[in-house]
Amino acid sequence: MSERTPLLHYRLTSSTDPEICNVAERVGSQEGKDARKLGVVFGVVIPTLLSMFSVVVFLRVGFVVGQAGLYQSIAMFLVAYFIITMTVLSICAISTNGALDAGGAYYMISRALGPEFGGSIGIMFFFANVCGCALYVLGLVEAIVSTFGVPEDVAGIHRVLPSGYWWCLLYGTILLFLCFIVCLVGAHIYAKAAFVIFIIVMTVLASIFISFFTVRPTVVLLPNTSPMINTSWSTANYTGFWLPTLEGNLFSNYTVDYTTGGMMSFARVFAVMFNGCTGIMAGSNMSGDLKKPSYSIPRGTLAAVFTTFITYNLLSLLAAWSCDRVLLQRDYSFLGDINVWPPMVTIGIYSSAMSAAMSNLIGASRILYALSKDDLFGGVLVLARKTSRSGNPWVSVLISWLLVQVVLFAGKLNTIAGIVTIFFLLVYAAVNLACLALEWASAPNFRPSFRCFTWHTCTLGILGCLVMMFLINAIHAFASIAFMLLLLMLIHYLGPISNWGYISQALIYHQVRKYLLMLDVRKDHVKFWRPQVLLMVANPRSCTGLMLFINDLKKSGLYVLGHIKLGLLDGLPSDPLQSCYDSWLSLVDHLKIKAFVNLTLADSVRHGVQNLLFISGFGGMKPNTLVLGFYDDCTPQDSLHGQTFQSTGHGWDAVSLTSGSGQRLPFFPNVRATEEPKDLQEEEYVSVIADAVKMGKNVALARYFDQFSREEVLGLGKKIGRHRSVTGPFVDVWPLNLLQPDSHEYVNLCSLFLLQLACVLHETRAWNHARLRLFLCVETGCSLPEEEEKKLQGMLKELRMSAQVQTVAWDEVVSLHWQRRGRARANLVEDPQSEGRSRQKSEEEFGVQSFPNNASQLTDEYICAVNDLICRHGSPEPAVRFLYLPHPPADRSRYRAYLHQMDLLSRDLGPTLLVHGITPVVTTDL
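Structural notes, computed from the coordinates. Source: prediction; values computed, not measured. (Residues numbered from 1 in each chain as written. Predicted model: local features only at pLDDT ≥ 70, side-chain atom pairs only at ≥ 80, totals over all residues. Heavy atoms only, no water.)

Tallying secondary structure elements over the protein chain gives 32 helices and 16 strands in all. Here the analysis covers contacts within the protein chain between residues at least 6 apart in sequence; of these, 80% occur between residues at least 24 apart. When the accessible area of the protein chain is evaluated, it comes to approximately 43,300 Å², of which 59% is carbon and sulfur surface. (Helix = DSSP H or I, 4+ residues; strand = E, 2+ residues; numbered from the N terminus. Contact = heavy atoms within 4.5 Å. Areas by Shrake-Rupley, 256 points an atom, 1.4 Å probe, with all protein chains shown as cover.)

Positive phi, normally seen in glycine, also occurs at Tyr704, with a value near 65°. Tracing the sequence through the fold places Tyr704 in the loop between strand 9 (698–703) and helix 25 (710–714). Of note in this structure, Asp908 is not a glycine but carries a positive phi near 60°. When you line up the elements, Asp908 lands in the loop between helix 32 (895–906) and strand 16 (912–916).

So, on to a nonpolar patch on the surface. A cluster of nonpolar side chains, namely Phe483, Leu486, Met489, Leu490, Tyr493 and Leu494, defines an oily patch on the protein surface of about 650 Å² accessible area. Structurally, Phe483 is set in helix 19 (residues 474–494). (Patch = residues over 30% accessible without salt bridge, like charges linked within 9 Å, V, L, I, M, F, W, Y side chains within 5 Å. Salt bridge = Lys/Arg side-chain N within 4 Å of Asp/Glu carboxyl O.)

In this section: the pairing of strand 10 (residues 730–734). Of all 5 residues in strand 10, 5 are buried; the element is thus mostly enclosed. Neither face of strand 10 is exposed, since Phe730, Asp732 and Trp734 on one face and Val731 and Val733 on the opposite face are all buried. Sheet topology places strand 10 next to strand 11 (residues 771–778); 4 bridges connect them, and they run parallel. Paired with Asp732 across the two strands is Arg773, which belongs to strand 11. (Buried < 20%, exposed > 50% of the residue type's maximum accessible area, 1.4 Å probe, protein only. Pairing = 2+ DSSP bridges.)

Moving on: the sheet that holds strand 12 (residues 804–809). The 10 strands are arranged 7-6-5-8-9-16-15-10-11-12 in an open sheet whose pairing can be described as mixed. Strands at the two margins of the open sheet, each flanked by one partner only, are strand 7 (596–602) and strand 12. Ignoring strand direction, the axes of neighbouring strands in this sheet form an average angle of 25°. Relative to strand 6 (residues 559–566), strand 5 (residues 533–536) runs parallel, the two being bridged by 4 bridges. Residue pairing across strands places Val533 opposite Tyr559, the latter belonging to strand 6. Packing against the sheet, helix 23 (residues 605–615) makes contact with strand 5, strand 6, strand 7 and strand 8 (625–629), and its axis sits at approximately 135° to strand 7. (Axes fitted to C-alpha atoms, helices over the stretch in contact; angles between N-to-C directions.)

On to the packing of aromatic side chains, then. All told, the structure shown has 30 aromatic pairs when counted by the stated rule. Measuring from centroid to centroid gives 4.9 Å for Phe470 and Phe478, while their planes differ by 75°, and the two rings are edge-to-face. A relative accessible area of 29% places Phe470 in the partly exposed class. Feature note: the residues Phe125, Phe266, Phe270, Phe274, Phe424 and Tyr428 constitute an aromatic cluster, connected by ring pairs. When the ring centre of Phe63 is taken as origin, the NZ or CZ atom of Arg60, which lies over that ring, is 5.8 Å away. The aromatic ring of Tyr515 is capped on one face by Lys514, whose charged end is 5.5 Å from the ring centroid. (Phe/Tyr/Trp six-rings, centres within 6.5 Å; stacked < 30°, edge-to-face > 60°. Lys NZ or Arg CZ within 6 Å of the ring centre and 35° of its normal.)

As a further point, take the side chain of Asn624. The residue Asn624 is located in the loop between helix 23 and strand 8 in this model. Since its relative accessible area comes to 15%, Asn624 is described here as buried. Separated by 3.2 Å, the side chain of Asn624 and the backbone oxygen of Arg530 make a polar contact. Excluding residues that lie within four positions of it along the chain, Asn624 makes contacts with Trp529, Arg530, Pro531, Gln532, Lys697 and Asn698. (Polar contact = N/O pair within 3.5 Å; in protein donor to acceptor, adjacent residues only side chain to side chain.)

For helix 7 (residues 115–148), which comprises 34 residues, the first-to-last C-alpha distance of 48 Å matches the rise-based estimate of 50 Å (1.5 Å per residue) to within 8%. Of all 34 residues making up helix 7, 29 are buried, and the element is well covered by its neighbours. (Expected span 1.5 Å × (residues − 1).)

Let us now look at the pattern of salt bridges. All chains considered together, the criterion is met by 11 salt bridges. For Arg896, the salt bridge identified is with Glu682, shortest N-O distance 2.5 Å. Of this pair, Arg896 sits in helix 32 while Glu682 sits in helix 24 (residues 682–694); the two residues are 214 residues apart in sequence, bridging distant segments of the chain. For Asp903, the salt bridge identified is with Arg907, shortest N-O distance 2.3 Å. When its relative accessible area of 14% is taken as the criterion, Asp903 is described as buried. Note on Arg907: relative accessible area 34%, which makes it partly exposed. A single salt-bridge network, built from bridges that share partners, covers Asp632, Arg703, Asp903 and Arg907.

Moving on: the environment of Met86. The residue Met86 is located in helix 5 (residues 61–95) in this model. Met86 sits 367 residues away from Phe453 along the chain, and the two C-alpha atoms are 8.2 Å apart. Apart from the residues within four sequence positions on either side, Met86 is in contact with Asn432, Thr457, Leu460 and Gly461.

This part takes up the side chain of Thr301. Within the secondary structure, Thr301 is located in helix 12 (residues 293–322). Residue class for Thr301 comes out buried when judged on its relative accessible area of 1%. Apart from the residues lying within four places of it in its own chain, the contact partners of Thr301 are Val44, Val88, Ile280 and Ser296.

Another point: the environment of Thr919. Summarising the element assignment, Thr919 is placed in the segment after strand 16. Sequence separation between Thr919 and Gly696 is 223 residues; the distance between their C-alpha atoms is 7.6 Å. Residue contacts for Thr919: discarding those within four places in its chain leaves Trp529, Gly696, Asn698, Leu749 and Phe753. Looking at Thr919, its side chain comes within polar contact range of the side chain of Asn698, at 3.2 Å.

As a packed pair, helix 18 (residues 455–472) and helix 19 sit with axes 5 Å apart at the nearest point and diverge in direction by 125°. In terms of their interaxial angle, helix 18 and helix 19 are classed as oblique. Of helix 19, the residues touching helix 18 (which contributes Met469, Phe470 and Ile472) are Ala474, Ala477, Phe478, Ser480 and Ile481. Partitioning the contact of helix 18 with helix 19 into residue classes produces 7 nonpolar, 1 polar and no charged. (Parallel < 35°, antiparallel > 145°, perpendicular 65-115°, else oblique. Nonpolar A, V, L, I, M, F, W, Y, C, P; charged D, E, K, R; others polar.)

This brings us to helix 24. An ideal rise of 1.5 Å per residue puts 18 Å on 13 residues; helix 24 measures up with 19 Å between its terminal C-alpha atoms. Along helix 24, the residues classified as buried are Tyr685, Val686, Ser687, Val688, Ile689, Ala690, Asp691, Ala692 and Val693. On its buried face, helix 24 sits against helix 23, strand 8, strand 9, helix 32 and strand 16. Backbone geometry just after helix 24 places Gly696 at a positive phi near 80°.

This is the structure in structure tokens:
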């Protein structure tokens, strides 16, 4: 691929889409016609000098020196050029870090900081160019009226133009319409005339410098001032180079501006002066026409900035040395009065003003067109995309022209100078911020060939821009920043996802890596414990309810969605999981949950879960709780059927999305039919639970969450307003190990873990109106042993857990257990020699199970009675139940029986979480 082939063309031609290929051919043919020809001088130096040598250099140098004095004038230029030099360094760095397309500051910021900052700053840059165009038109009107205008009651030979607000507005409208016609025809007309205008401006500047040395001292007639300004001066002196004149102009003497009637100050004068320093991005905006942008932009821009700095300071020195302060303060067009040929300055003013006005109008229209093409504001700017057959965005030109016409109603140059300055300062601050962010992100691909910058220069540029913004006008500065932030939020929530790259992601990565290294697991403390959940998902179509519930349960902790694809890499051409991530991330966005996605390839579900438990997370952010769906024979329900993906409007089960590379993204397979076999057997499922416990992870089994509707459950309290705390959903907690009827221990690690999870759920904003119910099983007529009861009440109080404690009599249930156990023992006593045969008979006939870690022998009848007990004491029906999950048996041959008991215990209970906790999670310490 040749050096001149654009990156966009390369991407388009690599596509297989016929429409995209057609676009690529058109782009390629256009690029062939418009070969890059401009070098440093014609491509960067001349446009930048024309933008900076505008009305200000001819009409406001004397104003700056007359108001601020020579010392403060030089200080203003030093501050202004310090700010723009820092910004130029950032521009040079960004422009030499890869291919730079047309768009100027908008393109740089948007591609560096992302669409939010880019779009908002692009709008601000657009308004800056609009106001800048109006500024130059008003400056030209001011020059015309100063030369040819007269008061309404005075007439003259060459002073034939009436003056006044409405007449000036009419003149500005006519001049703006001429600029509009030129821009409507095409920017090539202005480009061809740029060199001629540059020669004119340079000739005028040369005549001005010559005039200071050749024109003899003379008396200059001052223009008529506003009636509101009391002055007895009608003439002033041009003294030539005279030391007393220089001494009288060294210090500041702020007075009332004779054109606006406003009192001047350092900030207001600086605002007017700074407009002569804007335009530093004119060269970077020509990047599409430059032979070597990375070579031309740094050298040309720095050369133009240095040239204008020397010129402004020399003009200030010469004016302070040769002109009375009255002349500088009361006659902004004094350079024409003292010129060897006065019409020369007038020609320079007219040509530079028209050039700058057209340049800003063209720039504004191109920025608006770029914003519309990027589609950051939806359909708001859709009309601005229309172009003529030659490619000129005539609608954008029309919109820009109308906005400039509105700004012309301000009437005076000095009135809008401050607004324009604030807009440009904000854009310059954003450019410095973009470069600073790229430098801080330490992205390997940020390798600009221009290295004369550091993060210090970027920071100084940002601070300088912000400080001067607030010094000029704090109200306008606050308003512009607030407007930018509003645009940023609108683009963030309404704009499409771009493929430009987000600097925020690079910065977040940089900071997260640093803080993850600081998150030392050796410094963990129980009082800062939070659930960090790994939820295993076989098919998300059947468990969206559980995914939403766990998102509420995580309490700002780590939440990982794990999925296992059965298979091995042997024999596969590539990893089949890489193409699945986009679908999973789209689901996360669709459900609006805060979760990570971790997929793995394994030969079995058990090995896959082990892999995820080992590798998920980093450092101190690793899952401490494993959540599994329950193993039962229920038919899975497809909860995604009929829903649409929000970003594209396509259905989850109708079409598949297409990635940026053109590959088809796999959507989730259909839910498993009832007759289809499962991917794992009962023994392997219990083995997964046992493995997690061995690895020090808490385990939770979630059942019937296909019946869980978050909207219905949490919408109960919203319907009745302030009474929702009374009628909110119930959360039931059964902290006793119900499969150990001979145990009355309520305060252990597992029961405390149950209580902690319930309280975590209750503290979630969406669940804060729920009511916790704590069920304690006791014998009829008795209570818990006195020590246990005091221990439990004290624990709830110390742990600040508010729960409604209810005692449940379960004598009949326990009696079933002891009766069956007694019968089994009697059979063993009658025939002690056939102990094995009797035990097998009792297991087959009565369902008695004996676990090595649990001496109690349980029957199906007993477990069903426990299940019925839970159902009878669940009125009103709770939104979710938390039950104690016993430790899996050590004997693998008992795994099937263990799972059978969990099935009987939780059958038909609605959304239920069976929890086994092995880590301390609560403390009473501060």
